[in-house]
Every structure is written in C-alpha cells, then in structure tokens.
Amino acid sequence: MRHSRIILFFCALGFLLAPASAGEQTLPGFSAATSRAERELESKFRAIPKPENMRAYMEHLSARPHNVGSAFDRENAEWIAAHFKDWGWETQIENFEVLYPTPKERALELVEGGPRFVAKLEEPAVAGDPTSAQKAEQLPSYNAYSIDGDVTAPLVYVNYGIPADYEQLDRLGISVKGAIVIARYGHSWRGIKPKVAAEHGAVGCLIYSDPADDGFQKGDVYPNGPWRPRDGVQRGSVKDGPTFEGDPLTPGVGATKDAKRLAIKDSPVITKIPTLPLSYGDAGPLLAALKGAVAPANWRGALGVTYHIGPGPAKVRLRVKSNWDMKTLYDVIARIPGSSESDQWVIRGNHHDAWVNGAEDPTSGLVAMLEEARALGELRKGGWQPKRTIIYCAWDGEEPGLLGSTEWVETHAAELRAHAAAYINSDSNGRGYLFADGSHSLEKFINDVAHDIQDPEKNITVWKRDQLERISTAGSKEEREELRQRADLRIGALGSGSDFAPFLHFAGVASLNVGYGGEDGGGIYHSVYDDFYWYTHFSDGTFVYGRALAQTAGTAVLRLAGADLLPYNFTSLAETIHSYIDELQKLLKSKQEEVRERNLEIEEGVFSATANPREISIPPTAQQTPPHINFAALENSSEALARSARRYQKTFERVTGNTAENATGNVAGNVAGNVASKVSDALAAASLADVNRTLLQSERLLSSDEGLPGRPWYKHMIYASGFYTGYGVKTLPGVREAIEQNRWTEADTQILRVAKILDAEAALIDSATAKLEALAK
C-alpha cells in the first residue's frame, strides 16, 4: 500500500513506531505513540482533583444567596476569577446587561367557596440548617418573567397543565376561560404551564409541588430526609425559552450596553398571564375548596383531599408585581492557549448563579469544574500545553433563562462558528450513575472516556456500571441484548434546561452535558433548602462523585484538546438520525391508526353508550385521517450520510493507526528511510490541520440560518427543545412537531429542508475523507 505524508509525519514525531501496549486500545484521533502519551497525561490529571477541595469550594460559594444582581453573585464571580488566575489561566470577567425582574408584590387568597385562606408564600428556617435563616438575602418564591397582574377568578385544577390535560378537560366539558388554573409541577418545563393556560383563555396560573412528585410520598422530608417539606417552594423562570433563550429584550444578539433592545411590552417570551409558585402547604386549602367533577385517577396527588377539578366554587385573588430592572451579569472566562492548533477551541462550562444558596444547583457541578481547572493549571506549570485552546466558563444568569451563556454565545457567535470544536457542560451533580447526553458525533468519544473512569463506590468503570444499571431497568429482551452487544451505550439528545443550549441550538457547536446521579433523590430544587447542610447530609457528602465528574469532564477536555484528528464519529450520528426517521414514520402511522379507530368508535356510538349519564362526558369530534407523507427524500439523504460516515471512519482509523495494520511496526519499517525533511513534516501538519478545520464545521452544517418554523433562534435541524415540552428534546423537530400538531404541508416542507441538511453534511464528510485520502497519494 502507499503511505501518506500524514503517516510519514506521524513517524517523524515518533508516532507509530511501536504498537499500543497489550490490552490498551489506541485512542480514536491519536496514533499509537500519541495515544500512550495522552493516556499518561490523563492519568496524571485524574490523580490531582481532591474531594476536600470541592467541599471547601462549596462551603464558600453557597454560604449566602447569590441570585443574579445580588452582592454575593458578583463576589463569587470575582472569587472564581481570582482562583483561575492563581492557577495560571488567562482570565477575565465579561459583563452583560439583562432584564431580570424580582418580586415586589405577591399575594394569594381564597376569597369565595370556603373559609378565607391567605397563602403564606414563605419558606421557614429549619433548625440546624444555618443558611435557611438568611431571610434578608433570600429571593422570595416567585416565577421570573411572569407578567404583572391582579386577577380574581374561579379556580380550576388542570393536573400538570400540559396540552393532553386540556384535551381531557374538553372531554369533561370544563373550560378554563376566565379562570385561574392550578397545576402541579412535573411532566413539562414550568413555563409551558402558563403558556398553555393562556392559550385556553385562563387569566392566571398557580404552580405547586405535589407531595406525590417530590414530597412525603417519596420519603422523609427535610430536615429528616431529602424530600420537599410542606412549605418548600420551587422558584423558577417561566420565560418562554422554546421561543428563544437568553435576555428577553435582545433575541439573537449579545446584551451589551449598546445593544438595541425590545420594549418590555413587545418581548414575546414574557408570560401572558400572572403566574406564582406554591408549596403544597399553601396549595392544599385551595384544592380542598374545589368541587365539580372528581379528577381522573392519574390526576390525583398525595394531599389528603379528594381532588376535584372545579371550576369553583373556590374563587381566588392572585396579585403579582415585579421590579422590572436591568441587572449586570458576570461571566468568568478563563483560557489556556493552544499550541499548533490554537485557533480551535475546546470549551467547558457550568453556571455559578443560583436562585438562593444553590449548593446542589449549580455549585455541585461548579466545584468539580474548578478542580478540573486547578488540575489543568498544575499540568501547565509542569510544562504541558494543549494542542488546542481550552476555555473554561463560569456562567452567570443561567437560572432565569440561560442568560450569561446565551449572551456570550450571541456576542461571540462568529468566532464560535469558526473556532469551536466542542462544548462540555455540567450543572447539578450527585451520587450514582454517569449520565451523558449530547451531539451524536461525540457518542463514541464520551463512551471511550467513560471506560477510563473508575466508579468511586463499586470499583468498576463508570461505563460498566451504567451498562449494568441499564440492563437492570431495560423494558425488553431486545433492549438488554443491545446493551450487551453494542460497543457503545447510546446517549440521549439535548433539549434545553442548561447552558449547552445556546452552543448547540444557536451556534451549532457539538455539545455534551455530563454528570452523576440516580442514587440520591430530593425535593429541595430551587428552594431555600438547597444548601450546604442539605447537600452534605443527603447527597454526595464525601464529594467522591464530584471528583468523578472532574475526572470525566476533564479527561474529555484533555482528549479533545490533544487529538491529532478531532475524534468525531459520524457513524453514530448517521445511525441515530436513521432511528429518528423510523420514529417519525411510526408516529405518523400511530396517529393515522388512532384517528381511524376514534372515528370508527364515534360512528359506532361507543362514547355515548359508555358515558356515565350522571357525569358530563363529551364525545370527541371526528377528525380527518392524517395524510400519507413522502419520507423518501429524508430516507435517501440518511442513507447517503451513512455511506459517507462509513467511508470516513475507515480512512480515519487507517491514518491515525487505529487499525491492526497501522498499529504495527511494519509501517515504521516501511517509511523509516523516508522520514524525512522538515518541509514534508510541515506540509503533513498543515494538511492535518486543514482536515480538522473541515471537521469543525460538521455540527454547524446540521443547522440552518433560517431556523425552525416560528422560532428562528433555534437553528439546529436535528435537535431542539420542544415548543410544548421546554426542557424535553424534540429530534428532527421541524418534521416531528409539524406531524404532532397536524401541520401536514409544513411537514412536507421540513422533510425537504432536513434532507438538504443531511446532504450537505454528507458532502462535508466526503470532503474530509478526500483530504485524508489525498495525503496517501
């Protein structure tokens, strides 16, 4: 066979002179020799993070409430920046000016239909938990970006307040028009609840935490256990993130001081109706006062009342008013410059702001990232320098709507599209199993990383533990067989809910979101009880899983920053997209069968015959059967992508020494006499860098400048947060949501758009393959 200049270049640098040691697989994107050097470096790195340091960081960073605009939020950012500088990083704080409302007036009372009741709207201090008593600095419970309002209306219980629940209400003959709805947290992101309520004519929205979901029905409540106590409240933003993330006044552009801004009244992401969160202590008397139809069985929670739907006779008055102020964000940005490919960036992030003290969310993830940064600083002091530039980011303003990360991404969008190789995110961290979701071109990569991390409790790799846990919970024989036979565990797709969203959905940067959890439950999310006392008593109190997160994310950063060829794997991407197309076809078929069956039952009189004459039950109306859709363009493009991915992977493995032939000393023997001039070496290095520059654009080409229908901020055509799910992902979202919402012409159009995207992706992969193959001539 002919040997490429790239292989000559590897040999000139001492690559491929010997096979990888027995039992040690060459890392994708590395030669045998550079793989050995990388593994040695990673081993040194993983020995550095210390749990006791993470505990100390958390104790400091969560010592006081640090919501956006608070004094301690800024102090924490400056403390983090000072530590980065001490560890040898080039560090700065970037500021943005964003709209951030805080509560001015909050009131809720039952004015008719039962004994007068005034909601406390307060979380009491807990004995033994010192920070729970920091009343002067705590942000009161509220839903950020709720419109101001003072409304009095009948109350209606709407279960989780998602579209399917309103379909059930229609069957029961119950309207929420002119009413205030009360919904329980769960089954969607909280901002969906007031959005859907307003679409159905409601004038206000209450969101409460039912003990069936995260309270006493789950286990002992705080402080005797980890679950939500009677008066615990989940704060949170209700800004319409599925329309666009970030500052409500500057969609698509960075919220710098001189940015052009919308008027507050013109922002499409602020709620249409006033909204307020409640504890189950405050929700109980309101639900007890409802009459009317008894809620369906799957609508009933764990409060000691019969769950009625209403409307009324309970009537409530809801008053919400905020201070609509501009606040300054403090994003901490730290860099270690790269060497030979410094114009390519590997980015790592975790936010630092919290709703109150935020020990779990976000500090448990942040302290792991800080230990990674300290460890990388130690390696740099010892003489190491990454091939690619490494950027670590501590974001501000994540809680109210991914503000800090989004404004940074929007400000630096052109640079990111030119330079960003990957973004790795974390947020909350706990005990248990590794979770990893993200771009499927990185699926094999993160599996490989997981094989090299030891679980701190079980003395097996975190990959193996994750595999065994999935086998134990698999729902079918086929799932278990795949888990045992497939080389890589599948990773989930990313919707929204953390700082990966602007990188992936707006800038088209390949992204991962990683962390540990599953063994420690709890109900303190976004409450005053998410603090150092709770975390050290009921979660990863020894911080050994914090160390595991630091080892996992830090190893991923090192490997991406040091690879000779960027270790994307497009076969995983192509396989996953093919599965999404199968899902769309099954979705359409299911809808067709469902409508046909329902129409038949209407014709047969099934609904009228089975309706209880003593209860209201309105039969559904007949619908037109969904038409057949032509998926051929999508299927053809998917197959072309798969062929391109296979060709690239074969060439990738050959030139980086991951095949048996190239991992032997024969290659070195054949070319040793020709290893040669520095000119040839420089040409080979330049050619390799050119391939990497092409690969950088692979995730970008899965995006469209036009964006998704009705929400152009979301540009990625393979993944997006769902318009009616929020955090929950929709894959092939343009097509899927058109089918779900019966927009058939739009579905046809989106199929053709996605097919063109996949064709462009296949062409880029072919271009990268051709560049590698040309080096062999």
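Above: the structure in question.
Not measured: the values here are computed from a predicted model. Going along each chain's sequence as written, the residues are numbered from 1 onward. Totals for whole chains, interfaces and linings use all residues, but because this is a predicted model, local features are given only for residues with pLDDT of at least 70 and pairs of side-chain atoms are given and counted only at 80 or more. The side-chain values count all of the structure's non-hydrogen atoms but skip hydrogen atoms and water molecules.

### Observations regarding the environment of A119
And step 1. With respect to the secondary-structure elements, A119 resides in the loop between β2 (117-118) and β3 (143-144).
And step 2. The sequence separation of A119 and G546 amounts to 427 residues, and the corresponding C-alpha distance is 39 Å.
And step 3. Pairs of residues are marked as contacts when any of their non-hydrogen atoms sit within 4.5 Å. Ignoring sequence-local partners within four residues, the contact set of A119 consists of L108 and D282. The helix and strand labels rest on DSSP assignments: H or I over at least four residues marks a helix, E over at least two residues marks a strand, and numbering proceeds from the N terminus.

### Thoughts on the nonpolar core
And step 1. Core analysis: the biggest nonpolar cluster contains 161 residues, and F84, W89 and L376 have the highest contact counts within it.
And step 2. In terms of residues, this core owes the most to one element, helix α17 (residues 544-562), which gives 11 residues.
And step 3. The contact partners of L376, leaving out residues within four places of it in the chain, are F45, W89, I336, W384, Y392, V557 and L558. Among the buried residues, those of types Ala, Val, Leu, Ile, Met, Phe, Trp, Tyr and Cys that are joined through side-chain atoms within 4.5 Å form a nonpolar core. Each residue gets one of three labels from its accessible area relative to the maximum for its type: buried under 20%, exposed over 50%, partly exposed in between, using a 1.4 Å probe on protein chains only.

### A short note on the pattern of salt bridges
And step 1. Any Lys or Arg side-chain nitrogen found within 4 Å of a carboxyl oxygen on Asp or Glu counts as a salt bridge. Summed over all chains, the structure comprises 42 salt bridges.
And step 2. Taking the shortest distance from any N to any O, the salt bridge between R431 and E457 comes out at 3.4 Å. Linking R431 in the loop between β12 (420-425) and β13 (432-438) with E457 in the loop between α12 (443-450) and α13 (462-473), this pair joins segments that are 26 residues apart in sequence.
And step 3. With relative accessibility at 23%, the residue R431 sits in the partly exposed group.
And step 4. In this structure, R743 engages E746 in a salt bridge whose closest nitrogen and oxygen atoms are separated by 3.0 Å.
And step 5. Under the relative-accessibility criterion, R743 is labelled partly exposed at 32%.
And step 6. In this structure E746 comes out as partly exposed when scored by relative accessible area, which is 21%.

### Some points on the environment of V156
And step 1. Here V156 shows up in strand β4 (residues 149-157).
And step 2. The spatial distance from the C-alpha of V156 to the C-alpha of P313 is 9.6 Å, given a sequence separation of 157 residues.
And step 3. Beyond its immediate chain neighbours, meaning those up to four positions away, V156 contacts I174, S175, V176, A179, I180, V181, I182, I309 and P311.

### Section: the packing of helix α23 (residues 733-740) against helix α24 (residues 744-774)
And step 1. Comment: axis = line fitted to C-alpha atoms, over the contacting stretch for helices; angle = value between 0 and 180 degrees taken between N-to-C directions. It is the contact of α23 with α24, at a shortest axis distance of 8 Å, that shows an interaxial angle of 165°. Judged by the angle between their axes, α23 and α24 are roughly antiparallel. Between α23 and α24 lies a crossing whose hand is left-handed. On α24, the residues touching G734, V735, A738 and I739 of α23 are W744, E746, A747, Q750, I751 and V754.
And step 2. For the contact of α23 with α24, the residue count by class is seven nonpolar, two polar and one charged. Working rule for angles: under 35 degrees goes down as roughly parallel, over 145 as roughly antiparallel, 65 to 115 as roughly perpendicular, anything else as oblique. Left-handed describes a crossing whose near helix is turned anticlockwise from the far helix by less than a right angle; the clockwise case is right-handed. Gly is placed with the polar residues, together with every amino acid not listed as nonpolar (Ala, Val, Leu, Ile, Met, Phe, Trp, Tyr, Cys and Pro) or charged (Asp, Glu, Lys and Arg).

### Description of unusual backbone geometry
And step 1. Note that the residue after G312, namely P313, is joined by a cis bond; omega there is 0°.
And step 2. Cis geometry marks the peptide bond from D361 to P362; its omega dihedral reads 15°.
And step 3. As for its position among the elements, P362 is in helix α9 (residues 359-381).
And step 4. With phi around 60°, N159 is a residue other than glycine that occupies positive phi space.

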